[in-house]
Amino acid sequence: MNDLYRRARAGDARAVARVVETLRPRLTRLAAHYARRAGENPDDLLQEAWLGLLEAVPRLDLDIGSPEQYLIQHARWRLLDAVRRAHVRRCAPLDECGEQCYRDADIAAAWIAEFAGGLKSTQRAILECLLRGLTWREAGDVLGCTSANIAYHVRQIQRRYEDWHAEPV
């Protein structure tokens, strides 16, 4: 079986097709499970899972763990990133909320600008990425660091926000 993964990693189209056929039932169930839980379209999630799996094939390290688990884990991460992005992008249509939405958005933008002004430059860059809807992993890729670094800075931002929010007006 490792030979199959070795050939797939090298770019052999038939080996990749065999890996895809082998993992198809598991990815289909994975996408259906998360689609039910998140209220998303299972076919869209399955497509994201396939993209994650196929992006991970060239990076397979056959000396570490199970290649199947590695590929499925990358597929799951890509799928979950898509669920997070879809969740962030859901909002009420502008015509339903009327002028109040614009006033609320202006007030929120002013608060965000005031809060962000008190952050360090790295924290401000991370906050901007997260406000654009990027995941921690995507923000790390944009800023050239790991998601663990992003997690550390997010905790610092959260502490700063709690202090800032508790300050008297």
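Conventions used here
Residues numbered from 1 in each chain as written. Predicted model: local features only at pLDDT ≥ 70, side-chain atom pairs only at ≥ 80, totals over all residues. Heavy atoms only, no water. Helix = DSSP H or I, 4+ residues; strand = E, 2+ residues; numbered from the N terminus. Expected span 1.5 Å × (residues − 1). Buried < 20%, exposed > 50% of the residue type's maximum accessible area, 1.4 Å probe, protein only. Contact = heavy atoms within 4.5 Å. Polar contact = N/O pair within 3.5 Å; in protein donor to acceptor, adjacent residues only side chain to side chain. Axes fitted to C-alpha atoms, helices over the stretch in contact; angles between N-to-C directions. Parallel < 35°, antiparallel > 145°, perpendicular 65-115°, else oblique. Nonpolar A, V, L, I, M, F, W, Y, C, P; charged D, E, K, R; others polar.

Asker: Talk me through helix 3 (residues 42-56); I want residue IDs and the actual numbers.
Answerer: Along its 15 residues, helix 3 runs 21 Å from first to last C-alpha, staying within 8% of the 21 Å computed at 1.5 Å per residue. Every buried residue belonging to helix 3 is among Leu45, Leu46, Glu48, Ala49, Trp50, Gly52, Leu53 and Ala56, and all of these are buried. In this structure, the buried residues of helix 3 make contact with helix 2 (13-38) and helix 4 (67-89). Where helix 3 begins, the capping side chain belongs to asparagine 41, and its oxygen is found 2.8 Å from the backbone nitrogen of aspartate 43.

Asker: Residue-level account of the side chain of threonine 135, with values.
Answerer: When you line up the elements, threonine 135 lands in the loop between helix 6 (121-131) and helix 7 (136-143). The class for threonine 135 is buried, based on a relative accessible area of 8%. Apart from residues lying up to four places away in sequence, threonine 135 is in contact with Asp81, Arg84 and Leu130.

Asker: Describe the packing of helix 7 against helix 8 (residues 147-166), listing the residues and the values that go with them.
Answerer: Contact pair helix 7 / helix 8: the axes reach a minimum separation of 8 Å and the direction vectors enclose 105 degrees. By the criterion of interaxial angle, the relationship of helix 7 to helix 8 is roughly perpendicular. Where helix 7 abuts helix 8, its residues Trp136, Arg137, Ala139, Gly140 and Leu143 lie against Ser147, Ile150, Ala151 and Val154. Classifying every residue of the contact of helix 7 with helix 8 by side-chain character gives six nonpolar, two polar and one charged.

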